[in-house]
Amino acid sequence: MCVLRFIEVNSTLNSIETNSKADDVNGEWQEKFSKYDTDKNGLISATELQKLLFNESIGFVTIKQATNYIPLLDRGGKGQIRFDHLKKIEPIMAILSQRKTLSLVDDKKTISSTDFQKLLYENFKQTIFESLEEVEEIIDLINKDENGQIKYNKFMEIENMLKATLQLDNLFEVFSIFDTDKLGVVTVDAVQALMEIANSESDDFEKATEAIKKFDKNGDGVIEFSEFLQNIDNLNEDEFSIFEEFTKKLSVTLF
Ligand SMILES: [Ca+2]
Ligand SMILES: [Ca+2]
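Residues numbered from 1 in each chain as written. Chains lettered and ligands numbered in written order. Predicted model: local features only at pLDDT ≥ 70, side-chain atom pairs only at ≥ 80, totals over all residues.

Asker: Sorry, what's going on with the overall build of the chain here?
Answerer: When you go through the chain residue by residue, the secondary structure sums to 11 helices and four strands. The dimensions of the chain, computed from C-alpha atoms along their principal axes, are 70 × 60 × 40 Å. The buried share of the chain, taken over its 255 residues, is 25%. Considering only intrachain contacts with a sequence separation of at least 6, the fraction spanning at least 24 residues in the chain is 61%. (Helix = DSSP H or I, 4+ residues; strand = E, 2+ residues; numbered from the N terminus. Buried ≥ 20, exposed ≤ 12 C-beta atoms within 10 Å, placed from the backbone. Contact = placed C-beta atoms within 7 Å.)

Asker: Looking at this structure, I do not really get the packing of helix H5 (residues 113-124) against helix H7 (residues 152-178). What am I missing?
Answerer: H7 packs onto H5 with a crossing angle of 25 degrees between their chain directions and a minimal axis gap of 11 Å. One way to sum up the angle between H5 and H7 is to call them roughly parallel. As H5 packs across H7, the resulting crossing turns out to be right-handed. Seen from H5, the contacting residues are Phe116, Leu119, Leu120, Asn123 and Phe124; seen from H7, they are Phe155, Ile158, Glu159 and Leu162. The class makeup of the residues in the contact of H5 with H7 is seven nonpolar, one polar and one charged. (Axes fitted to C-alpha atoms, helices over the stretch in contact; angles between N-to-C directions. Parallel < 35°, antiparallel > 145°, perpendicular 65-115°, else oblique. Left-handed = near helix turned anticlockwise from the far one by under 90°. Nonpolar A, V, L, I, M, F, W, Y, C, P; charged D, E, K, R; others polar.)

Asker: What is the right way to read H7 from this model?
Answerer: One turn of an α-helix holds 3.6 residues; hence residues three or four places apart share an orientation. Helix length check: H7, at 27 residues, gives a terminal C-alpha distance of 40 Å against a target of 39 Å (1.5 Å per residue), a fit within 8%. If you check which residues of H7 are buried, you get Ile158, Met161, Leu162, Ala164, Thr165, Leu168 and Phe175. Where the residues of H7 are buried, they touch helix H4 (90-96), H5, helix H6 (132-141), strand E3 (185-187) and helix H10 (225-231). (Expected span 1.5 Å × (residues − 1).)

Asker: Please clarify how the domain arrangement of the chain should be interpreted in this entry.
Answerer: By a frequent convention, interface size equals the accessible area lost on bringing the separate parts together. Each assigned domain of the chain is listed with its residue range as follows: domain 1 (2-87), domain 2 (98-165) and domain 3 (179-255). Between the C-alpha centres of domain 2 and domain 3 the distance comes to 35 Å. (Domains from an automatic or database assignment.)

Asker: Looking at this structure, how should I read unusual backbone geometry?
Answerer: Comment: phi is negative for the bulk of residues other than glycine, and the bulk of peptide bonds are trans. Of note in the backbone geometry, serine 57 takes a positive phi value of approximately 55 degrees without being a glycine. The topology assignment puts serine 57 in the loop between helix H2 (46-55) and helix H3 (63-73). Overall, the presence of 11 C-beta atoms within 10 Å leaves serine 57 in the exposed class. Notably, lysine 78 is not glycine yet its phi reads approximately 55 degrees, a positive angle. Of note, lysine 78 is situated in the loop between H3 and H4.

Asker: Before we go on, may I ask you to explain the environment of glutamate 28 in this structure?
Answerer: Within the element layout of this structure, glutamate 28 appears in helix H1 (residues 2-36). A sequence separation of 147 residues divides glutamate 28 from phenylalanine 175, and the C-alpha atoms of the two residues are 29 Å apart.

Asker: Help me understand the environment of asparagine 147 in this model?
Answerer: With respect to the helices and strands, asparagine 147 occurs in the loop between H6 and strand E2 (149-151). Look at asparagine 147 and you get exposed, because 8 C-beta atoms sit within 10 Å. C-alpha of asparagine 147 to C-alpha of glutamate 159: the two residues are 12 residues apart in sequence and 22 Å apart in space.

Asker: Which parts of the structure should I look at to understand H2?
Answerer: With respect to burial, H2 is a largely interior element, seven of its 10 residues being buried. One or two steps after H2, the chain reaches serine 57, where phi turns positive at roughly 55 degrees.

Asker: Please explain the nonpolar core as it appears in this structure.
Answerer: Nonpolar side chains in soluble globular proteins tend to end up buried together. Counting residues in each nonpolar core, the largest one holds 49 residues, and the members touching the most others are Leu49 and Ala208. If you tally residues by element for this core, the top one is H7, at six residues. Non-local contacts of alanine 208, meaning those with residues more than four positions away in its chain, are made with Val191, Met195, Ile242, Phe243 and Phe246. (Core = buried A, V, L, I, M, F, W, Y, C linked by C-beta atoms within 7 Å.)

Asker: Whenever I open this one, the environment of phenylalanine 243 confuses me. Can you help?
Answerer: By the element assignment, phenylalanine 243 lies in helix H11 (residues 237-254). Exposure remark for phenylalanine 243: the 20 C-beta atoms within 10 Å place this residue in the buried category. Taking C-alpha positions, phenylalanine 243 is 16 Å from glutamine 230, a pair spaced 13 residues apart along the chain.

Asker: What exactly am I supposed to notice about the packing of H5 against H6 here?
Answerer: In a pair of packed helices, the angle between the axes and the distance between the axes together describe the arrangement. Remark: H5 packs on H6, axes separated minimally by 9 Å, with the N-to-C direction vectors making an angle of 120 degrees. When the axis of H5 is compared with that of H6, the two are oblique. Handedness of the H5/H6 crossing: right-handed. Every residue of H6 that contacts H5 at Ser113, Phe116, Gln117, Leu120 and Tyr121 is listed here: Leu132, Val135, Glu136, Ile138 and Ile139. For the contact of H5 with H6, the residue count by class is seven nonpolar, two polar and one charged.

Below is the structure:
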């Protein structure tokens with residue numbers, strides 16, 4: 001009787017704790033949402049999302065990339081994110097914030113914004129930036145001194161940050177190949193149809209189907225972009241190489 005009583009009390013305490021933790025997390029999201037919903041329309045736009053990610057030191061996406069990702073994060077949100085969908089950016093945040101530790105050069109070395117812009121464009125043209133003008137988005141977000149100079153350390157930091165941007169965008173490209181109906185989700189049927197086109201081995205076919213199911217964490221039969229990003233690291237080596245091989249074959253077949 002005594003033990004039972006203890007368990008009851010304990011489970012009540014646990015649920016109170018869990019609730020208050022959930023309230024805290026919800027509060028933090030609410031705070032972020034109101035802070036970055038600068039036009040106060042109750043939605044986070046591509047530009048607002050770019051600012052949120054950059055100012056919170058999470059990472060950088062171009063407005064064009066954000067515009068591609070948002071309909072996948074909030075399907076039915078008409079190109080902007082509603083509050084109850086904001087948490088879906090978590091896997092994006094996780095990928096963007098993965099960075100190597102840098103050994104920074106001296107703090108006095110600076111570079112002009114124009115050179116900064118050119119260097120970034122040279123290193124990431126075609127892969128992230130479509131034009132030199134697009135690099136201005138990131139220049140606008142960075143602090144400059146009164147002479148328009150930027151610290152060289154900042155350049156290294158941004159370059160490092162953009163590697164994660166690139167990784168995220170590559171994953172978006174892969175997801176888009178699988179999202180054949182352009183509904184913003186991947187289904188087992190669509191992947192199987194693509195595997196037929198790519199003439200995959202029947203053994204790989206089965207393994208890939210099983211692997212695909214691993215992504216569907218909420219079990220609704222479709223894989224959302226956030227589920228895809230969240231679970232890409234959970235594939236074992238064998239599954240990962242099947243996907244890699246398959247995606248390569250597909251890009252040759254489809255494009
Ligand atoms: Ca807004
Ligand atoms: Ca799902």
